[in-house]
Amino acid sequence: MKDLKHLIFFEKLLEDANNELVQKAVADGDRALGYSCYFIPEVLLNLPGCFSSRLRAPGTGSIDVGTYYMSNKICSYTRSILERGIEGGYDYLSALFSAETCQMMHRGHEHFEILNLVKKAHPDFFMSMMDVPFVPDKEALEHYTEQLKFYILDKLSEVYGIDVSDKALLDAIERHNEICRIITEIGEMRKAENPVITGYEFHVIQLVSQVCPQALIKPYLEETLKELKKRKPDPEPQFRTRVVVVGSENDDPEFTKLLESCGAFVVADRYCFGSLPGREEIEVKDGETPLQAIARHYLLTSQCPRFMNKERSQGRMDYVKQLVEDYKADGVLYEQMKFCEYWSYERVTGTNIFAAETGIPTLGIEKEYTLVGAGQLRTRFQAFVESLEIKKIQGGKK
């Protein structure tokens, strides 16, 4: 297929957290607000005068310093974020919002305060840490709504004078939904038998929509959508199998490229930083305030394994099964960041219970934040692709 016009530009944007568009927005006077978890609603960080910046640590090498302050038994994503913070890689931030959903990341964010990071370069910088409930019932929703107001909206209003009125929230929801509609329409193209987009390209596009100021990245996303609608696919599909990737933090498109180089087209991205969930539109129902709608949306759409009750656990397996059907996948890859407690349980559940109950071929892997074990992963990916091909030949695919 013909190369996408903006792909190289998108890839360049992903080379640094403080990328070209981030620098432009900050120079124009907007506040960069960092976060690393789905439960810090992206939409609340995109009010007038500020923009969201989901934290990544691209090009990570040694994380010895991050390991010194934490532990080598902490997930390497958390240690990489702390390492990059110590290096000054997030000095462009005006605030960092943390949710007590992952104790490892929460502890990593605490070190931003303990070590007085960012504040040396940006005196007005502040940290804000909030609690997220483990259940989605009425009382939990009320608590989550209060947490969002106190730890995000009130803080932004008090420190930076950001407009947090209902009108400002409604406008932010509409701008957020516009991005969601674009990404969703591009993502739906992966359902085609011979799609006009690769999983790697979509991974890059989804990431730039999360790490760049919405107002600045939106024109490029719109142009890319128009381009994809006219793009001609290859005469024959270039991939041998189709897989859904499920798992923990995954912000490295090279992981997707590695998997696809082994012949597996990544049709759906059900992982942290992915679009499923993540790019569903927010609906404000009758009788709801905009903040209540946002809280309900994020609490109920989350597929995070920190929800451990039977109903939510089964719901996650049903969700993955539906993705397999909708995207015509041949198998599922469960990936887990090493030492991630929640996803270690979920990976075992997926490769055993889910696989046994659905009959869908499933592979589970454990990985580091960087592709340090690319050779081993390639071998496992190739074997998985071959097993899926054999199953289709033997009539295992309905």
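The text that follows walks through the structure, step by step, so that each part is easy to find.

**Here's the deal with the packing of helix 8 (residues 199-211) against helix 9 (residues 214-230)**
Phase 1: Packing of helix 8 against helix 9 brings their axes to within 10 Å, and their N-to-C directions diverge by 155°. Taken together, the axes of helix 8 and helix 9 are roughly antiparallel relative to one another. Judged by the twist between their axes, the crossing of helix 8 over helix 9 is left-handed. Here Ile205, Val208 and Ser209 of helix 8 come into contact with helix 9, specifically with Ile217, Leu221 and Thr224.
Phase 2: Across the contact of helix 8 with helix 9, the residue classes break down as 4 nonpolar, 2 polar and no charged.

**Focus on the nonpolar core**
Phase 1: Counting residues in each nonpolar core, the largest one holds 74 residues, and the members touching the most others are Phe10, Tyr90, Phe112, Leu221, Val244 and Val332.
Phase 2: Broken down by element, the residue count for this core peaks at 7 residues, all from helix 8.
Phase 3: The residues touching Phe10, leaving out its near neighbours within four places in the chain, are Val204, Ile205, Val208, Ile217, Tyr220, Leu221 and Thr224.
Phase 4: With 35 residues, the next largest nonpolar core counts Tyr35, Cys37, Val43 and Ala172 among its residues.

**Looking at the sheet that holds strand 2 (residues 50-54)**
Phase 1: The sheet built from 4 strands is open, its strands ordered 2-1-3-4 with parallel pairing. Single-partner strands in this sheet number two, and they are strand 2 and strand 4 (126-130). Averaged over all adjacent pairs, the angle separating strand axes in this sheet is 25°, with direction ignored.
Phase 2: As paired elements, strand 3 (residues 93-99) and strand 4 share 5 bridges and run parallel to each other. Its bridge partner being in strand 4, Leu96 is matched across the sheet by Met127.
Phase 3: Contacts between helix 6 (residues 138-160) and the sheet are confined to strand 1 (31-35), strand 3 and strand 4, with strand 4 contributing the most and set at about 170° to the helix.

Each value, and the rule that gives it
Residues numbered from 1 in each chain as written. Predicted model: local features only at pLDDT ≥ 70, side-chain atom pairs only at ≥ 80, totals over all residues. Heavy atoms only, no water. Axes fitted to C-alpha atoms, helices over the stretch in contact; angles between N-to-C directions. Helix = DSSP H or I, 4+ residues; strand = E, 2+ residues; numbered from the N terminus. Parallel < 35°, antiparallel > 145°, perpendicular 65-115°, else oblique. Left-handed = near helix turned anticlockwise from the far one by under 90°. Contact = heavy atoms within 4.5 Å. Nonpolar A, V, L, I, M, F, W, Y, C, P; charged D, E, K, R; others polar. Core = buried A, V, L, I, M, F, W, Y, C linked by side-chain atoms within 4.5 Å. Buried < 20%, exposed > 50% of the residue type's maximum accessible area, 1.4 Å probe, protein only. Pairing = 2+ DSSP bridges.

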